[in-house]
Number of protein chains: 2
Amino acid sequence: MVSLQGRNPAIQPLLAILQAGEDDDVLQINKKMAGKIGLNVTHICLTKGCSEDEIVEELLKLNDDPRVHGVFLHLPSTSLTSRVLNALKPEKDVDGITDLNMGRLVRGDLSNSFVPPIASAVLDLLEKHDAPLEGKTVLLVGGEGPLCLALQCLIERSGMVALKSHWNSNVLQRQNVVRSCSRWLREQQYRPWRLHSLKLQPLTPVPSDIEISRAQTPKPVTQLAEEIGLLPEELEAYGRNKAKVRLSLLDRLHSQPDGKYVLVAGITPTPLGEGKSTVTIGLVQAMSAHLKHNSFACLRQPSQGPTFGVKGGAAGGGYAQVIPMEEFNLHLTGDIHAITAANNLVAAAIDARMLHEATQSDKALFNRLVPSVNGVRSFSPIQISRLRRLGIFKTDPAALSMQEISTFVRLDLDPSKITWQRVVDTNDRFLRKITVGQASTEKGQIRETGFDIAVASEIMAILALADSLEDMKNRLARMVVGTSRSGQPVTAEDLGVSGALAVLMKDAIKPTLMQTLEGSPVFVHAGPFANIAHGNSSVLADKLALKLVGRDGFVVTEAGFGADIGMEKFFNIKCRASGLRPNVVVLVATVRALKMHGGGPNVSAGAPLPREYIDENLSLVAGGCRSNLKKQIQIAHLFGVPVVVALNVFKTDTQAEIDLVCQIAKECGASDAVPCHHWAQGGRGSVELAKAVDEAANRPSNFQFLYNTEMPIVEKIRTIARKVYGADDVELSPEAKSKIDYYNQQGYGSLPICMAKTHLSLSHMPEKKGAPTGFVLPIRDVRASVGAGFIYPLVGTMSTMPGLPTRPCFYDIDLDPVTEEITGLF
Amino acid sequence: MVSLQGRNPAIQPLLAILQAGEDDDVLQINKKMAGKIGLNVTHICLTKGCSEDEIVEELLKLNDDPRVHGVFLHLPSTSLTSRVLNALKPEKDVDGITDLNMGRLVRGDLSNSFVPPIASAVLDLLEKHDAPLEGKTVLLVGGEGPLCLALQCLIERSGMVALKSHWNSNVLQRQNVVRSCSRWLREQQYRPWRLHSLKLQPLTPVPSDIEISRAQTPKPVTQLAEEIGLLPEELEAYGRNKAKVRLSLLDRLHSQPDGKYVLVAGITPTPLGEGKSTVTIGLVQAMSAHLKHNSFACLRQPSQGPTFGVKGGAAGGGYAQVIPMEEFNLHLTGDIHAITAANNLVAAAIDARMLHEATQSDKALFNRLVPSVNGVRSFSPIQISRLRRLGIFKTDPAALSMQEISTFVRLDLDPSKITWQRVVDTNDRFLRKITVGQASTEKGQIRETGFDIAVASEIMAILALADSLEDMKNRLARMVVGTSRSGQPVTAEDLGVSGALAVLMKDAIKPTLMQTLEGSPVFVHAGPFANIAHGNSSVLADKLALKLVGRDGFVVTEAGFGADIGMEKFFNIKCRASGLRPNVVVLVATVRALKMHGGGPNVSAGAPLPREYIDENLSLVAGGCRSNLKKQIQIAHLFGVPVVVALNVFKTDTQAEIDLVCQIAKECGASDAVPCHHWAQGGRGSVELAKAVDEAANRPSNFQFLYNTEMPIVEKIRTIARKVYGADDVELSPEAKSKIDYYNQQGYGSLPICMAKTHLSLSHMPEKKGAPTGFVLPIRDVRASVGAGFIYPLVGTMSTMPGLPTRPCFYDIDLDPVTEEITGLF
């Protein structure tokens, strides 16, 4: 009675045409129409005169079949009973027949308001795809009214194919068809995007970063969003070149399979950096613009401090950049400013609270904290949370005993045990250690404290690890700001400030969409400090990107520092928080860094490079490959993930050096090793790398964590030190030991570990290059970011506030007030 | 030979139809068409068979006539010679005939690419105007092709009027007509806007501010922008509800006459505030939504500090608000964050420079400040500026003598004379006085300093007073941050940081467009602290708004504090900087404040209002009117501007009290005095006020400044104290005197004066209400904001950093992580 047809129903959504016998000509037209827009047709032919029950039964099946995109009711009007129409789910109704017949709209409404939206939807759908418009198809069904004529003419004159069935319908039907097609097209994200690539014509010699950036006109971000399948309501534009993307996308694409997840990490770098960001961007340019894979780069937002301090942008460089680079490097969409505001609100709340507690009785504090409003006292929800944590389950303020009042109103913070610092996004070294509260209004409550750079705030680490608004809010509430005199941790929620923090951060949680020089999509989101936090971009940006690229696409994300730190934290902290599993690690190496590890002389910023780094020197290269490179490959393999080595080629590298690196890398277990030239050539220079990544992504990956979080804290630290760094053992200071005891006692023992170690050596000694062995890793102190969710052992001293040099690069930065062009920014 | 026709050529742009004799039917159609879209027609009838010369001569005249918007060539094809076509300026060619005939485009090109843009332009033009679309007219000329049919159908179905002439033309012609009409419509800003008002249905009792705000859905800001005549390229959307407006608008509307300029000021307020912001917003709602005048509100951006400290939004209140109020009160478009970043970069530069100077020789400093790059040393432009100021006109670093090097490299800042403070946008009282530089890395260079709230930064005052990007940049460069040991002022440019400051502030200079509850446009821009700066919103927002509303429109802007401070500074500082002249002052009064001035008991925040303020008390009201209100009216008259008193009615006010205020206000010289009910009723409640303002704006205004800036500083201060405050004289402290001497010596003597005085009394004594006399105003100290461009004498102590109370309002602020709704924010 029912026949199912379809070329490949498993992989392609279907348009089901429910037809009551005969009229095969029309069926053919419908199938052709559907085929033209990429829909596969299942023709469900019912026998002529089949019963209402049979039609409804068929409809219910189609309603629940996830492969069926929409249903076209090709039935005689006598069969279109209200029961049949009620049975069809509105979202599967491509021709609007249910709306129409349910009388929700009347014809009179249509004339004024419906035409522009339809025309607009058609144009929207068609115009924003790449020009020329020829070859686009619109399913235009029946009718001979002036509107239909108008649309048809529009379509035909545009060189698009308009197909028309005999369907005797009206405005609403066509509107639904158009909207449905439009929605369908957008939602099918694992189809290749129709991404309009921006043409690059690399110059030699390569101009400055800002000149290259300025020479390219980015696509409007609304166009980019449309190309990658975002709906207009999911986008919040910030000017023409960047936009925040709403998290509701995750719900809409909930059932979409994730793309391939590629991590870019590096060998132990020289102080000059080895170009992980440019490799990341170059790889995505190659994937998108040259190999036509859906692909996305996920990058960290840089601190504004270094932008005005020491040269070095974070938007990539050369012909592998995010554009416009000045917007990337400056305020962006304000996330770091929001973090600064939230962080400093906590700080102000801490000191103000200590002052008020020091100068008021329990009763006075209670009267102010729970004021009588029109004669009624009540707790705010955040105060009830605190009462619960204190074990007080009363909700009527009048019911509290004096003892309970005292416990409730006094956080009793120990001034010497406040761990919360203020932050600014400026390299301001004089704020490293300060004394606050010296005005007479603060009544002698002075204390020593300090400012960190904004990206070192725990709130930044939370932004990077949160996987929803609710998760972020809960983490913000859990942040520990200090300890009470009785040794209890005091949280942001105890201060009553966590709701306000969530309000301040509600827009920051949405990743910012930008593009590369070749028009490929980039998410810029979060940038936690790599030395005291985990140094990776956000979980949410990666998750959104993985849904947007779809099953056959690629998301390339970057880990801060060398693989021993950034990659290890990416796996053990970020992947643990997100539940995402990487498919491939791209390990970035340079001949320069390899020579250093092979025994070359010291490399330092500002000083000229020694000759060894300019002339061919195969033995230094081989030494670096067989020590540091080999070890970093092995670290990735500890986690069960295939490695592709990307040799970021400099113009002084010789062919023999390049060949040698690739050869040894493969001997050491890399799936592949390829030179890449993105800096000088853009995506074209990274096509070989993209192919190698594609290949490796199809290999089996047996991802596993390095440790179980239930292991004791010391064991987790020891595991990382031995297996990753190559240490013989660890040695804990008494302070570190007592902190670990305290954290265990407070129930933080099962948090993962975030090592605060130098990135300039696999060991804790920056001068030890290659792959040092035979050392014991000293743990000076241990701290916790309870809201972010990790324990961070300090191996040596970590600066959390950079300084300005004698001649900061702001000396060269200027703005032309007429053209509004910026000069001197990299 | 030539006849000119037209209803009122002086005030309305013309469409000239150049016609060679006869064919009057077509002429009538063309005139009707043009009339429908608001164009006036000048029909220039040439005799049949007139010569090419005659036609060209006529064309050249039309080309140069600024009133003529476009020319329609209604000539036989034999007259359309290439000379004739060349004579017509392309921008005046409304029917595309020159393009067409010059062969710049060929027919084949048209099919694919031209239809969507035309349809898009038509829809753009029509759809974004208020619904319903009926009554809109498109000039659709001739042709019977499918495109024409398509457009016509679209238009007719939309209820728009399509008019068709017989013109035998093609695609390009129609495109030009449509574009030309569209451009013309947009550029004619002094036509009444077709502003779509949002309907308000006020509830009783009035719900909370955030409930009212949330219940109203704002128009998309792109729609609002279109309605008020902004071009898409002049807008930078920040999400759906707010957008920055580019300053290029000032160039485009350069020749447009300004609208009426209305200042809202207030009588001396109670500590609870008397509602200037709600009056401002209510007035614009009445003007726009009820009286259909083009009108714009210009408001200050509030500091985020108080948002989380003590309740009190700045987005208005009740049914007179800017929406969405949470976006207004939180990060907005990041301007205050940009100011914070810029301000703190200067601070970091100061301390780092002092450290580097303290620890390096002249030679080392020079080598670092002017480094050798590839063997070449050169000065950056900002260094050359410094050299010039030092009287050194060399540009080759090698040419400097050792003495010149020393002078150049050493700012030699006196640590005890640094006036630059750091800022945060948080109420953080513990930062009022701090000691910085206590880390060992700063080598003992400790010093005492402090943080102000961000809006107290001089950079905020500059943002508010700058009238172009260039002006802002120059003011930033001139900012004095401290004094050298030899007594010379040291500027931001000396620090080398002024270009970077301009870069950080390049987006902040663009005003942010939002809307009121009734959909009227609002600019939110700048919010300098009213006690140490001038407390007014930006010059640029006012200028843009005055152009946008056009000659018959109104711009309503607000001055901080009472009229004695905010209005006086508005006139003497802001109007002096902008060159703008106010037409009307709206003076806000409340029965509550008048009773206080009439001798009522003390009013303070947090405490219940005494009975006198709740029950009718005509004698207290009369006392307040005859003292403070009368004096404030007289102050406005000192400047020659008419005053309308707006009585902001509270529900406890009796009719007799209201009538009494209005009666006495008029006796005291107010042009009019009206009660207003915007808080409870929205714009409808302020219609009487709007009518009174309209009336007063048509009276002559003889604006004059209170003092000439060339007067000695002391005389300027004395003039304000006597004429405005009613003091007998001023008394300067020795410190104030020596500062004045120093400023005179440095050439700052002709800056205007920005008094830092309490707003709670006309005198310096907050407890003296009414109109005190017989006092001497003490000047404790005098400071200068050289970049902003004013001298500010301190009358008493001004706090520049608020604190948090025991129970800050953040206790009630929360975010629902599912709906993303904010609760507890006012």
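Structure first, text after, so check above.
This text gives an overview of the structure that appears in the document. Keep in mind it's a predicted model, so treat the numbers as computed, not measured.

A few points about the environment of D362 of chain A
Residue and element names in this part refer to chain A. Structurally, D362 can be placed in helix 16 (residues 362–369). Along the primary structure D362 and I405 are separated by 43 residues, whereas in three dimensions their C-alpha atoms are 7.0 Å apart. For D362, the residues in contact, after removing those within four places along its chain, are I405, S406, V409 and R410. At 2.6 Å, the side chain of D362 forms a polar contact with the side chain of R410.

So, unusual backbone geometry
The omega angle of the peptide bond from T204 of chain B to P205 of chain B is -5 degrees, so this bond is cis rather than trans. Mapped onto the elements of the fold, P205 of chain B is located in the loop between helix 8 (171–187) and helix 9 (209–215). With an omega dihedral of -15 degrees, the bond running from I323 of chain B to P324 of chain B counts as a cis peptide bond. Relative to the helices and strands, P324 of chain B resides in the loop between strand 11 (320–323) and helix 14 (325–329). Positive phi outside glycine occurs at D412 of chain A, with the angle close to 55 degrees. The residue D412 of chain A is located in the loop between helix 18 (402–409) and strand 14 (413–418) in this model.

Some remarks on helix 15 (residues 335–359) of chain A
For helix 15 of chain A, which comprises 25 residues, the first-to-last C-alpha distance of 36 Å matches the rise-based estimate of 36 Å (1.5 Å per residue) to within 8%. Among the 25 residues in helix 15 of chain A, 23 count as buried, and that is most of the element.

So, the nonpolar core
L513 and L629 of chain A are the most contacted members of the largest nonpolar core, which totals 230 residues. The greatest single-element share of this core, amounting to 14 residues, is contributed by helix 15 of chain A. Here L629 of chain A is in contact with I267, L587, A589, L594, G624, V645, V661 and A665 of chain A, once residues within four sequence places are set aside. Grouped together as the second largest cluster of nonpolar side chains are 213 residues, A502, A665, V786 and A788 of chain B included.

Digging into the sheet that holds strand 20 (residues 489–491) of chain A
All names here are of chain A. Spatially, 3 strands are ordered 14-19-20 in an open sheet, and the strand pairing comes out antiparallel. Two strands close off the open sheet at either side, each with one partner strand: strand 14 and strand 20. The mean inter-strand angle of the sheet, taken between neighbouring strand axes irrespective of direction, is 50 degrees. Sheet topology note: the strand 19 (residues 480–484)/strand 20 ladder contains 3 bridges and is antiparallel. Residue pairing in the sheet places V480 in a bridge with T491 of strand 20.

Remarks on the packing of aromatic side chains
Counted under the stated rule, the structure contains 30 aromatic pairs over all chains. Pairing W193 of chain B with F296 of chain B gives two aromatic rings, centres 6.2 Å apart and planes at 85 degrees, and the pair type is edge-to-face. With W193 of chain B in the loop between helix 8 and helix 9 and F296 of chain B in strand 9 (residues 295–299), this pair connects stretches of sequence that are 103 residues apart. Measuring from centroid to centroid gives 6.2 Å for Y743 of chain B and Y748 of chain B, while their planes differ by 45 degrees, and the two rings are tilted. Note on accessibility: Y743 of chain B and Y748 of chain B belong to one class, buried. Among the aromatic residues, those joined into a cluster by ring pairs are Y261, F570, F571, F639, F703 and F705 of chain A. Just above the ring of F705 of chain A sits the side chain of R576 of chain A; from NZ or CZ to the centre is 4.2 Å. The positively charged end of K757 of chain B is found above the aromatic ring belonging to Y725 of chain B, 4.6 Å away from the centroid.

Quick notes on the pattern of salt bridges
For the structure shown, the criterion picks out 86 salt bridges over all chains. Of the charged contacts in the structure, one is a salt bridge between K506 of chain A and D507 of chain A, with a shortest N-O distance of 3.5 Å. The partner of D615 of chain B in a salt bridge is R611 of chain B, with the nearest N and O atoms 2.8 Å apart. Judged by relative accessible area, which is 35%, D615 of chain B ranks as partly exposed. Given the relative accessible area of 51%, R611 of chain B is considered exposed.

Conventions we followed
- Residues numbered from 1 in each chain as written.
- Chains lettered and ligands numbered in written order.
- Predicted model: local features only at pLDDT ≥ 70, side-chain atom pairs only at ≥ 80, totals over all residues.
- Heavy atoms only, no water.
- Helix = DSSP H or I, 4+ residues; strand = E, 2+ residues; numbered from the N terminus.
- Contact = heavy atoms within 4.5 Å.
- Polar contact = N/O pair within 3.5 Å; in protein donor to acceptor, adjacent residues only side chain to side chain.
- Expected span 1.5 Å × (residues − 1).
- Buried < 20%, exposed > 50% of the residue type's maximum accessible area, 1.4 Å probe, protein only.
- Core = buried A, V, L, I, M, F, W, Y, C linked by side-chain atoms within 4.5 Å.
- Pairing = 2+ DSSP bridges.
- Axes fitted to C-alpha atoms, helices over the stretch in contact; angles between N-to-C directions.
- Phe/Tyr/Trp six-rings, centres within 6.5 Å; stacked < 30°, edge-to-face > 60°.
- Lys NZ or Arg CZ within 6 Å of the ring centre and 35° of its normal.
- Salt bridge = Lys/Arg side-chain N within 4 Å of Asp/Glu carboxyl O.

By themselves, these observations are geometric and do not establish any function.
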